[in-house]
Amino acid sequence: MVFLNGRILPIEDAKVSVLDRGFIFGDGVYELVPVYSRVPFRLEEHLVRLERSLSAVRIRNPYSPAQWREFIYRLVDAQPFDDQGVYFQVTRGVAKRDHAFPKNAEPTVFMMSNPLVNPPREQVEKGASAVSAADNRWLRCDVKSISLVGNVLLRQLSAEADGAETILFRDGKLTFIVRRGGIESPPKGNLILPGITYDVIVELARANGMPLEFREVREAEVRGADELWVTSSSKEVLAIVMLDGKRIGDGQPGPVFRRMYQLYQEFKLKVMRAGKREAASV
């Protein structure tokens, strides 16, 4: 079952016009919310980021936060699996092909939910490999745009090398490194997506007295780091132990990563328990 413009319906019945600007121009934004035991993880923060992206590209948000929550929970409840990845996107709507904004188009809202696939336990324990590339995406990476051909091409580089991720070098990627026991990461900006998981890592580090510094991280520092992590809604926090065929640190997930991974799993459990209590009280 999927959601399209206010309705839950079978995916084969969901139809969008070929003149939708999401199809023609990639003119829209998206979010992906992880769901654990049917409890959306950091839903409010995802909705705030959605509003920020919509405002940046000047698309009207068609729903209130309360409506978004209702529709997302309805979609979650319609699935047969407990752990889910809820993807939703808003496009500028249907109009004749013209680069200029249409005056009266209604935004198109589509949502679907698939089983959430986190890194397998073996990969968490042994670490993952990655390749590097020059970041040639546009200059508004803080907007979660559905125009993702640049991301697709860069991810394909690591897919073809059996890597978990492509580490991008420009003015930084949303990547954590560890040196001498301290966590370092580039600050947020227009070249970096304001990550929800990133924020959780920062909160957990601060709450548990883990040294944390925000600054521009140079490529040589990434390659010479003791530990290298990537974060995302699906990967959560994952240690990269090989970059371009060369070891990071000693080639094993480091002690700071293992501590952070455990803290993250404990935090998830608290969120799930709180979400279930809230649902039971409604």
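Relevant structure appears above.
Criteria and cut-off values
Residues numbered from 1 in each chain as written. Predicted model: local features only at pLDDT ≥ 70, side-chain atom pairs only at ≥ 80, totals over all residues. Heavy atoms only, no water. Helix = DSSP H or I, 4+ residues; strand = E, 2+ residues; numbered from the N terminus. Rg over C-alpha atoms; globule rule 2.2 N^0.38 Å. Buried < 20%, exposed > 50% of the residue type's maximum accessible area, 1.4 Å probe, protein only. Contact = heavy atoms within 4.5 Å. Areas by Shrake-Rupley, 256 points an atom, 1.4 Å probe, with all protein chains shown as cover. Lys, Arg positive; Asp, Glu negative; His and termini not counted. Charge placed at Lys NZ, Arg CZ, Asp CG, Glu CD. Patch = residues over 30% accessible without salt bridge, like charges linked within 9 Å, V, L, I, M, F, W, Y side chains within 5 Å. Salt bridge = Lys/Arg side-chain N within 4 Å of Asp/Glu carboxyl O. Polar contact = N/O pair within 3.5 Å; in protein donor to acceptor, adjacent residues only side chain to side chain. Axes fitted to C-alpha atoms, helices over the stretch in contact; angles between N-to-C directions. Parallel < 35°, antiparallel > 145°, perpendicular 65-115°, else oblique. Left-handed = near helix turned anticlockwise from the far one by under 90°. Nonpolar A, V, L, I, M, F, W, Y, C, P; charged D, E, K, R; others polar. Pairing = 2+ DSSP bridges. Phe/Tyr/Trp six-rings, centres within 6.5 Å; stacked < 30°, edge-to-face > 60°. Lys NZ or Arg CZ within 6 Å of the ring centre and 35° of its normal. Expected span 1.5 Å × (residues − 1). Arc of directions from axis to C-beta. Core = buried A, V, L, I, M, F, W, Y, C linked by side-chain atoms within 4.5 Å.

### Section: the overall build of the protein chain
Here is step 1 of the chain: Counting its secondary structure elements, the protein chain contains eight helices and 14 strands.
Here is step 2 of the chain: Its C-alpha radius of gyration of 20 Å places the protein chain within 12% of the 19 Å reference for a compact globule of 282 residues.
Here is step 3 of the chain: For the protein chain, the spread of C-alpha atoms along the three principal axes comes to 55 × 45 × 30 Å.
Here is step 4 of the chain: Looking at the protein chain as a whole, 49% of its 282 residues qualify as buried.
Here is step 5 of the chain: For the protein chain, long-range pairs separated by at least 24 residues make up 72% of all intrachain contacts whose partners lie at least 6 apart in sequence.
Here is step 6 of the chain: Surface exposure of the protein chain reaches about 14,100 Å², of which carbon and sulfur atoms provide 53%.
Here is step 7 of the chain: Charged side chains in the protein chain number 40 positive and 36 negative. The centres of these two groups are separated by 2 Å.

### Re the side chain of Ser185
Here is step 1 of the chain: Assignment of secondary structure puts Ser185 in strand E10 (residues 182-185).
Here is step 2 of the chain: What makes Ser185 buried here is its relative accessible area of 0%.
Here is step 3 of the chain: Those residues in contact with Ser185 that lie beyond four places of it in its chain are Thr175, Phe176, Tyr198, Glu213, Phe214, Arg215 and Val217.

### With respect to a nonpolar patch on the surface
Here is step 1 of the chain: Nonpolar side chains collect at one region of the surface, where Val18, Leu19, Phe23 and Val94 lie side by side and expose about 390 Å² of accessible area between them.
Here is step 2 of the chain: Counting through the fold element by element, Phe23 comes out in helix H1 (residues 21-25).
Here is step 3 of the chain: In this structure Phe23 comes out as exposed when scored by relative accessible area, which is 62%.

### Quick look at the side chain of Glu31
Here is step 1 of the chain: Mapped onto the secondary structure, Glu31 falls in strand E3 (residues 28-36).
Here is step 2 of the chain: Glu31 gets classed as buried once you look at its relative accessible area, which sits at 0%.
Here is step 3 of the chain: Here His46 takes part through its side chain, which lies 2.9 Å from a polar atom of the side chain of Glu31.
Here is step 4 of the chain: The contacts of Glu31, once residues within four sequence positions are left out, are His46, Arg49, Leu50, Val86, Tyr87, Phe88 and Lys144.

### Focus: the packing of helix H2 (residues 43-57) against helix H3 (residues 65-77)
Here is step 1 of the chain: It is the contact of H2 with H3, at a shortest axis distance of 11 Å, that shows an interaxial angle of 120 degrees. By the criterion of interaxial angle, the relationship of H2 to H3 is oblique. At the point where H2 passes H3, the crossing takes the right-handed sense. Judged by residue contacts, Leu43, Glu44, Leu47 and Leu50 of H2 engage Pro65, Trp68, Arg69, Ile72 and Tyr73 from H3.
Here is step 2 of the chain: Of the residues contributing to the contact of H2 with H3, the split by class is seven nonpolar, no polar and two charged.

### A few points about the sheet that holds strand E2 (residues 7-9)
Here is step 1 of the chain: Read from one edge to the other, the open sheet built from six strands follows the order E2-E1-E6-E5-E3-E4, with strand pairing classed as antiparallel. Each of the sheet's edge strands pairs with one partner strand only, and the pair in question is E2 and strand E4 (39-40).
Here is step 2 of the chain: One ladder, built from eight bridges, connects strand E5 (residues 84-91) with strand E6 (residues 108-115); its direction is antiparallel. Residue pairing for E6: Thr91 is matched across the bridge by Thr108.
Here is step 3 of the chain: Running at roughly 175 degrees to E3, H2 makes contact with E3, E4 and E5 of the sheet.

### Section: the packing of aromatic side chains
Here is step 1 of the chain: Taken as a whole and judged by the stated rule, the model has 14 aromatic pairs.
Here is step 2 of the chain: Ring centres 4.8 Å apart and planes at 45 degrees place the aromatic pair Phe3 and Phe71 in the tilted group. On the criterion of sequence distance, the pair formed by Phe3 in strand E1 (residues 2-4) and Phe71 in helix H3 is long-range, its members being 68 residues apart.
Here is step 3 of the chain: The buried category is assigned to Phe71, whose relative accessible area is 9%.
Here is step 4 of the chain: Counting every residue linked through ring pairs, the aromatic cluster contains Phe176, Tyr198, Phe214, Trp229, Phe257 and Tyr261.
Here is step 5 of the chain: One Lys or Arg, Arg92, reaches over the ring of Phe101 and ends 3.7 Å from the middle of that ring.

### A closer look at H2
Here is step 1 of the chain: Its 15 residues place the ends of H2 21 Å apart at the C-alpha level, agreeing with the 21 Å of an ideal helix rising 1.5 Å per residue.
Here is step 2 of the chain: Those residues of H2 not exposed but buried are Leu43, His46, Leu47, Arg49, Leu50, Ser53, Leu54 and Val57. Taken end-on, H2 shows its buried residues confined to a sector of 160 degrees, consistent with a single buried face.
Here is step 3 of the chain: Of the surrounding secondary structure, the elements contacted by the buried residues of H2 are E3, E4, H3, E5 and helix H6 (196-207).

### Details of the pattern of salt bridges
Here is step 1 of the chain: On inspection of all chains with the given rule, the structure shows 24 salt bridges.
Here is step 2 of the chain: Put simply, Arg215 and Glu213 hold a salt bridge, and the shortest N to O gap is 3.8 Å.
Here is step 3 of the chain: Since its relative accessible area comes to 17%, Arg215 is described here as buried.
Here is step 4 of the chain: Overall, Glu213 belongs to the partly exposed group, its relative accessible area being 39%.

### Brief notes about the nonpolar core
Here is step 1 of the chain: Ile183, Trp229 and Met260 are the most contacted members of the largest nonpolar core, which totals 24 residues.
Here is step 2 of the chain: If sequence neighbours within four positions are ignored, Met260 has contacts with Ile183, Ile201, Leu204, Ala205, Met210 and Trp229.
Here is step 3 of the chain: Ranked by size, the runner-up nonpolar core spans 22 residues in total, among them Leu43, Leu50, Val57 and Val143.

Geometric descriptors of this kind do not, in isolation, establish any biological role.
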